[in-house]
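In case you want the letters, here they are:
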Amino acid sequence: MSGVSVAGVETERRAPVAGGRRNRRKRDNQGRLAFWLLLPAAIAVFGVIVYPILRTLLISFFEVNSALATDTPFVGLQNYIHTLTSPGFWAAMGRTLYFTLVSTALELVCGLIVAGLLNAKLRARWLFRAIVIIPWAIPTIVNAAMWKGIFNAQYGSLNAALTQLGIIHEYQAWLGDPTLALNMVILADVWKTTPLVAFFLLAGLTSIPEELYEAAKLDRAGWPRIFRSIVLPMLVPSISIVLVLRTVEAFKVFDIVYAMTRGGPVNGTQTVAYYAYTTAFSDQNFGVGAALSYIIVLVILVLTFIYLRMLRRSEMSLL
């Protein structure tokens, strides 16, 4: 009996060992397969994202005046110092901050209004939602060309409409004045991006339980109090996402400016991103352009941090 029991124990011991080895081999094979499957994607990410980021950082420390330049002396932080002491940079920075703050604020307010309308219990609500998304679905270049035609000083539909309504008596050059042109670009950007903001906020509105509204009505609370006590606190996460995304996108705006005004008139709509573009490709000063790119990234990070801190404090005060 003892011999049989010893053999049984040894057999039981060998079985888990063999099973463990098979499991390890299986995990090793799965790991190798995952590695080879992910390798092409990792190479693509490195080539498209990581390498350009590192290459741009390296170029920012050298004097590069041509795409095919062979003599590129090391200048250290001189490109950054040159940028930070340039009046053109600070003028572009001021216009960019104005564009970012005004466009983001208008998109948030308009998006909240549109989201409230889309959340209302109306017939064919799906149709209204489909129509509202059209401006955002239009490519930015097409949107810019459309608004450039609307603002045209000779045959623009805006001048025609305002003249027929008697609001203005002669056609205006909406894109001919530096300050006015910047606000017209903001208007075009707000028209395109408001639907996206509205759908972000609509997702937050639909997640608010109906019981909260019913309880507030039982307490005879008016809509201002409902908005302040229920809607706004529940929308803080959605508002945080919207502010961060739109701040980043608005601060690095380029395409709509390029298509509508090319930075004019008299650099009145030249943003930091467009300033970096002209510095690098028009002036052939790639070192300073690379330094500008990293300064833009740093400013975006600072603005995002400030937004998140402000929103966190407001969220805590509303609780």
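Along each chain, residue indices are assigned from 1 in the same order as the chain's sequence is written. Local features in a predicted model are, by the rule used here, given only for residues with pLDDT of at least 70; side-chain atom pairs are given and counted only at 80 or more, and totals for whole chains, interfaces and linings are based on all residues. Only heavy atoms go into the side-chain values, all of them from the structure, while hydrogens and water stay out.

**Re helix α6 (residues 140–150)**
- The buried label applies to any residue whose accessible area, calculated with a 1.4 Å probe on protein chains only, is under 20% of its type's maximum; exposed applies above 50%, and partly exposed to all values in between. Per the convention used, a helix needs a DSSP run of H or I reaching at least four residues, while a strand needs a run of E reaching at least two, with both numbered from the N terminus. Where α6 is concerned, the buried positions are Asn143, Ala144, Trp147 and Ile150. Buried residues of α6, seen end-on, are gathered within an arc of 120° and therefore sit on one face of the element.
- We call two residues contacting when some pair of their heavy atoms lies within 4.5 Å. Against the buried residues of α6 lie α7 (157–164), α8 (178–206) and α11 (255–260). This arc corresponds to the set of directions leading from the helix axis out to the C-beta atoms.

**Considering the environment of Trp223**
- Relative to the helices and strands, Trp223 resides in helix α10 (residues 223–251).
- With 57 residues separating them along the chain, Trp223 and Ala280 place their C-alpha atoms 52 Å apart.

**Some words on a positive patch on the surface**
- Any residue with relative accessible area above 30% and no salt bridge may belong to a patch, with like charges joined within 9 Å and the nonpolar Val, Leu, Ile, Met, Phe, Trp and Tyr side chains within 5 Å. The Shrake-Rupley method, run with a 1.4 Å probe sphere, supplies the accessible areas, and residue values consider only the shown protein chains as cover. One side-chain nitrogen of Lys or Arg within 4 Å of one carboxyl oxygen of Asp or Glu is enough to make a salt bridge. For this count, His and the chain ends are skipped, Lys and Arg are scored as positive, and Asp and Glu as negative. One atom stands in for each charge, and that atom is NZ of Lys, CZ of Arg, CG of Asp or CD of Glu. On the surface, a cluster of positive charge is contributed by Arg21, Arg22, Arg24, Arg25 and Arg27.
- Looking at where Arg27 falls in the secondary structure, it is placed in helix α1 (residues 2–59).
- What makes Arg27 exposed here is its relative accessible area of 51%.

**As for the pattern of salt bridges**
- According to the stated counting rule, one finds three salt bridges in the structure shown.
- The salt bridge involving Arg246 is made with Glu107; its shortest N-O contact spans 2.7 Å. Of this pair, Arg246 sits in helix α10 while Glu107 sits in helix α3 (residues 87–119); the two residues are 139 residues apart in sequence, bridging distant segments of the chain.
- The class of Arg246 is buried, set by a relative accessible area of 9%.
- Among the charged side chains, a salt-bridge network with shared partners connects Glu107, Asp189 and Arg246.

**Examining the nonpolar core**
- The biggest cluster of nonpolar side chains holds 23 residues, and the ones touching the most others in it are Phe99, Phe151, Ile256 and Met260.
- For this core, the secondary structure elements donating two or more residues are α6, α8 and α11.
- With seven residues, α8 is the largest single contributor of residues to this core.
- Other than its neighbours up to four places away in sequence, Met260 contacts Ala144, Trp147, Lys148, Phe151, Leu175, Met184, Val185 and Ala188.
- Throughout, nonpolar core names a set of buried Ala, Val, Leu, Ile, Met, Phe, Trp, Tyr and Cys residues whose side chains join them through atoms within 4.5 Å. Of all hydrophobic cores here, the second largest spans 18 residues; its members include Leu205, Ile226, Ile230 and Leu243.

**Here we look at the packing of aromatic side chains**
- Pairing of aromatic side chains requires ring centres within 6.5 Å, counting the rings of Phe and Tyr and the six-membered ring of Trp. Pairs whose planes differ by under 30 degrees are stacked, by over 60 edge-to-face, and all others tilted. Counted according to the given criterion, the structure contains 14 aromatic pairs.
- Ring centres of Tyr258 and Tyr274 lie 6.3 Å apart, and the angle between their planes is 40°; on these two criteria the pair is classed as tilted. Of this pair, Tyr258 sits in helix α11 while Tyr274 sits in helix α12 (residues 272–282); the two residues are 16 residues apart in sequence, bridging distant segments of the chain.
- Judged by relative accessible area, which is 28%, Tyr258 ranks as partly exposed.
- Taking the centre distance of 6.0 Å and the plane angle of 85° together, the rings of Tyr258 and Tyr277 count as edge-to-face.

**So, the confidence of the model for the chain**
- pLDDT gives the predictor's per-residue confidence on a scale running from 0 to 100. This prediction gives the chain a mean pLDDT of 85; 91% of its residues lie at or above 70.
- Here α1 is the element of the chain with the lowest mean pLDDT, 73, and α11 is the one with the highest, 94.

**As for the packing of α6 against α8**
- Running from amino to carboxyl end, α6 crosses α8 at an angle of 130°, the nearest separation of the two axes being 10 Å. When the axis of α6 is compared with that of α8, the two are oblique. Handedness of the α6/α8 crossing: right-handed. Touching Thr140, Asn143, Met146 and Trp147 of α6 are Leu187, Ala188, Trp191 and Lys192, all from α8.
- In this count, Pro and Cys sit with the nonpolar residues alongside Ala, Val, Leu, Ile, Met, Phe, Trp and Tyr, while Asp, Glu, Lys and Arg are called charged and the others, Gly among them, polar. Split by residue class, the contact of α6 with α8 holds five nonpolar, two polar and one charged. Note on geometry: axes are lines fitted to C-alpha atoms, helical ones only across the stretch in contact, with angles between N-to-C directions running from 0 to 180 degrees. Should an angle fall under 35 degrees it is taken as roughly parallel, and over 145 as roughly antiparallel, whereas 65 to 115 is taken as roughly perpendicular and any remaining angle as oblique. Handedness of each helix crossing follows the sense of rotation of the near helix against the far helix: counterclockwise by less than a right angle gives left-handed, clockwise gives right-handed.

**Focus: the side chain of Thr261**
- Residue placement: Thr261 occurs in the loop between α11 and α12.
- For Thr261, the residues in contact, after removing those within four places along its chain, are Leu175, Val185 and Thr269.

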